[in-house]
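# Chains, contacts and geometry: an overview
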Amino acid sequence: MSQLPFLPFSKPVIDEATIAAVGDVLRSGWITSGPKVQTFEAQLSEFFGGRPVRTFNSGTCTMEIALRIAGIGPGDEVITTPISWVATANVILEVGATPVFADIDPVTRNIDLDQLEAAITPRTKAIIPVYLAGLPVDMNRLYAIAKKHGLRIVEDAAQALGSSWNGQRIGATGDFVSFSFQANKNVTSSEGGCLVLNTPEEVRLAEKYRLQGVTRTGFDGLDVDVLGGKFNMTDVAAAIGLGQFAHIEAITAHRRELARHYFACFGDDFEAQYGAQLPPADFVNSNWHLFQLVLPERKPRAMFMEQMQALGVGIGYHYPPIHLLSLYRERGFKEGMFPVAERVGRLIVSLPMFTTMSKADVERSVAAVKSVLKS
């Protein structure tokens with residue numbers, strides 16, 4: 001059993017070498033964007049097969065900037081999933097476009113590509129698919145749909161660093177690909193994100209949008225020709241990211257082993273016996289950022305979470321349906337529009353999953369789940 005008195009849902013782990021690297025940055029006198037950011041971007045680019053990468057202070061602004069680079073704005077529609085962190089839809093509003101939701105697949109819990117294609121109108125200009133818990137959608141079909149209808153794709157791969165599709169890393173192919181390095185991600189920089197881009201022109205625009213639209217030339221030349229923001233990553237954050245990123249392969253492999261052990265502990269009859277739904281058993285493509293259950297209707301989520309906490313096991317939930325949040329209800333969304341997402345969003349929970357977890361921790365988590373679902 002775990003030595004932790006309480007098994008948290010997530011726990012970032014920063015090693016001593018990374019702490020020392022942050023100390024070096026603080027002593028260097030250069031703590032904002034500098035050489036560490038450049039090194040981090042270079043390593044990420046190599047990881048994604050040489051594609052250009054720029055880092056930012058969040059995995060939210062990366063999606064907004066991708067939409068701006070793609071020319072998405074007022075009068076345009078962008079299709080996404082109702083089951084994601086609200087940032088995925090908020091960035092559509094930020095650029096003045098209209099969010100359009102498509103219901104989710106009940107098995108993968110990702111956007112249903114049939115529903116997505118049915119939602120396309122003449123105003124649709126882009127798609128933001130989300131790879132929930134690190135599991136990609138069917139990338140071949142996604143890009144076939146986009147090509148057929150002439151749409152840009154901004155992949156919300158916030159949870160998918162280290163995930164793959166058909167043997168290729170997420171981010172190594174495709175259109176815009178956005179990753180998050182927020183504190184509970186497989187690789188963290190405390191806060192931060194990166195955007196994988198396509199062309200030198202897109203890179204230049206990303207750099208402008210990242211820092212007030214500024215272009216510098218020579219010793220004292222400065223111009224602004226687009227409205228940018230303040231989205232740059234610091235060298236402090238990049239130092240943390242570099243320390244974490246050095247272990248990405250081991251982190252991904254360990255999470256896949258933890259997921260395998262979860263399935264082994266739950267057993268083949270778990271769904272039939274307890275009425276809860278396990279995630280797809282994908283140990284090739286998913287990086288297992290999260291291990292999620294959909295609870296039976298008879299077990300209210302709040303009660304389940306309270307009872308798990310009483311047994312010393314932390315629980316998260318990801319996510320409530322975006323379209324039922326007040327900001328989106330005000331835009332005409334309501335119950336019944338996306339029934340699969342509404343059921344999943346009401347009943348989904350995330351079990352403990354973090355880098356330093358042991359198989360004994362998994363066993364503790366599963367024992368608690370079974371105990372609570374029996375009660």
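Our subject is the structure listed above.
Here we summarise the structure given alongside this text. (Residues numbered from 1 in each chain as written. Predicted model: local features only at pLDDT ≥ 70, side-chain atom pairs only at ≥ 80, totals over all residues. Heavy atoms only, no water.)

### Brief notes about the overall build of the chain
Each helix and strand counted, the chain has 14 helices and 13 strands in total. The C-alpha atoms of the chain give 21 Å as radius of gyration, which agrees with the globular expectation for 375 residues (21 Å, within 12%). In terms of overall dimensions, the chain has a C-alpha envelope of 70 × 55 × 35 Å along the principal axes. Per-residue burial for the chain yields a buried fraction of 55% across its 375 residues. Element-wise, carbon and sulfur atoms account for 55% of the exposed surface of the chain, whose accessible area totals about 15,800 Å². (Helix = DSSP H or I, 4+ residues; strand = E, 2+ residues; numbered from the N terminus. Rg over C-alpha atoms; globule rule 2.2 N^0.38 Å. Buried < 20%, exposed > 50% of the residue type's maximum accessible area, 1.4 Å probe, protein only. Areas by Shrake-Rupley, 256 points an atom, 1.4 Å probe, with all protein chains shown as cover.)

### Let's talk about the sheet that holds strand E2 (residues 77–80)
In spatial order, the strands read E1-E9-E8-E5-E4-E2-E3; together these seven strands make up an open sheet with mixed pairing. Among the strands making up the open sheet, the edge pair consists of strand E1 (53–56) and strand E3 (98–101). Pairs of neighbouring strands in the sheet enclose a mean axial angle of 25°, with direction left out of account. Each of E1, E2, strand E4 (124–128), strand E5 (152–156), strand E8 (176–180) and strand E9 (193–196) touches helix H3 (residues 61–69); the most contacted strand, E9, lies at about 30° to it. Across the face of the sheet, helix H4 (residues 87–94) comes into contact with E2, E3, E4 and E5 while running at roughly 145° to E3. (Pairing = 2+ DSSP bridges. Axes fitted to C-alpha atoms, helices over the stretch in contact; angles between N-to-C directions. Contact = heavy atoms within 4.5 Å.)

### Some remarks on the nonpolar core
Ranked by internal contacts, the top residues of the largest apolar core, which has 46 residues, are Phe266 and Phe291. When contributions to this core are tallied by element, the ones reaching two or more residues are helix H9 (248–266), helix H10 (270–274), strand E12 (291–294), helix H11 (301–310), helix H13 (339–347), strand E13 (348–351) and helix H14 (359–374). Top contributing element to this core by residue count: H14, with six residues. Setting aside residues no more than four positions away along its own chain, Phe266 makes contact with Leu278, Phe291, Leu293, Leu351, Val366, Val369 and Lys370. Within the second largest apolar cluster, 40 residues are counted, among which are Ile127, Ile145, Leu161 and Ala237. (Core = buried A, V, L, I, M, F, W, Y, C linked by side-chain atoms within 4.5 Å.)

### Here we look at the packing of aromatic side chains
Using the criterion set out here, one finds 19 aromatic pairs in the structure. Ring centres 5.7 Å apart and planes at 90° place the aromatic pair Phe263 and Phe283 in the edge-to-face group. Remark: Phe283 occurs in the loop between H10 and E12 and Phe263 occurs in helix H9; sequence separation between them is 20 residues. Given the relative accessible area of 17%, Phe263 is considered buried. A residue is classified by how much of its surface remains accessible, and Phe283, at 19% relative accessible area, is buried. (Phe/Tyr/Trp six-rings, centres within 6.5 Å; stacked < 30°, edge-to-face > 60°.)

### Looking at the environment of Ala341
Turning to its location among the elements, Ala341 is positioned in helix H13. We classify Ala341 as buried; its relative accessible area is 0%. Note: C-alpha distance between Ala341 and Pro320 (21 residues apart in sequence) is 8.6 Å. Sequence-distant contacts of Ala341, defined by excluding residues within four places in its chain, comprise Pro82, Ile83, Asp103, Ile104 and Pro321.

### A look at unusual backbone geometry
Tyr319 follows His318 through a cis peptide bond whose omega is 15°. Residue placement: Tyr319 occurs in the loop between H11 and helix H12 (326–329). Although it is not a glycine, Arg109 sits at a positive phi angle of roughly 70°. Taking relative accessible area as the criterion, Arg109 reaches 2% and is therefore assigned buried. For Trp288, which is not a glycine, the phi torsion comes out positive at approximately 55°. Tracing the backbone shows Trp288 in the loop between H10 and E12. Using a relative accessible area of 3% as the deciding quantity, one classes Trp288 as buried.

### Quick notes on the packing of H9 against H14
Here H9 crosses H14 at 40°, and the two axes come no closer than 9 Å. Taken together, the axis directions place H9 and H14 in an arrangement best described as oblique. In the crossing of H9 with H14, the sense of the turn from one axis to the other is right-handed. Each of Leu258, His261, Tyr262, Cys265 and Phe266 in H9 lies in contact with H14, whose residues at this interface are Lys359, Val362, Glu363, Ser365, Val366, Val369 and Lys370. Looking at side-chain class alone, the contact of H9 with H14 contains seven nonpolar, two polar and three charged residues. (Parallel < 35°, antiparallel > 145°, perpendicular 65-115°, else oblique. Left-handed = near helix turned anticlockwise from the far one by under 90°. Nonpolar A, V, L, I, M, F, W, Y, C, P; charged D, E, K, R; others polar.)

### Quick word on helix H6 (residues 139–149)
Every buried residue belonging to H6 is among Met139, Leu142, Ile145 and Ala146, and all of these are buried. The buried side chains of H6 occupy one side of the element, clustering within an arc of 130° when seen end-on. Looking at H6, the residues exposed on the side facing more than 90 degrees away from the buried face are Lys147 and Lys148. Buried positions along H6 lie against helix H5 (113–118), E4, E5 and strand E6 (164–165). Where H6 begins, the capping side chain belongs to Asp138, and its oxygen is found 3.2 Å from the backbone nitrogen of Asn140. At the C-terminal side of H6, Gly150 shows a positive phi close to 65°. (Arc of directions from axis to C-beta. Polar contact = N/O pair within 3.5 Å; in protein donor to acceptor, adjacent residues only side chain to side chain.)

Spatial relationships are all this shows, so hold off on functional conclusions.
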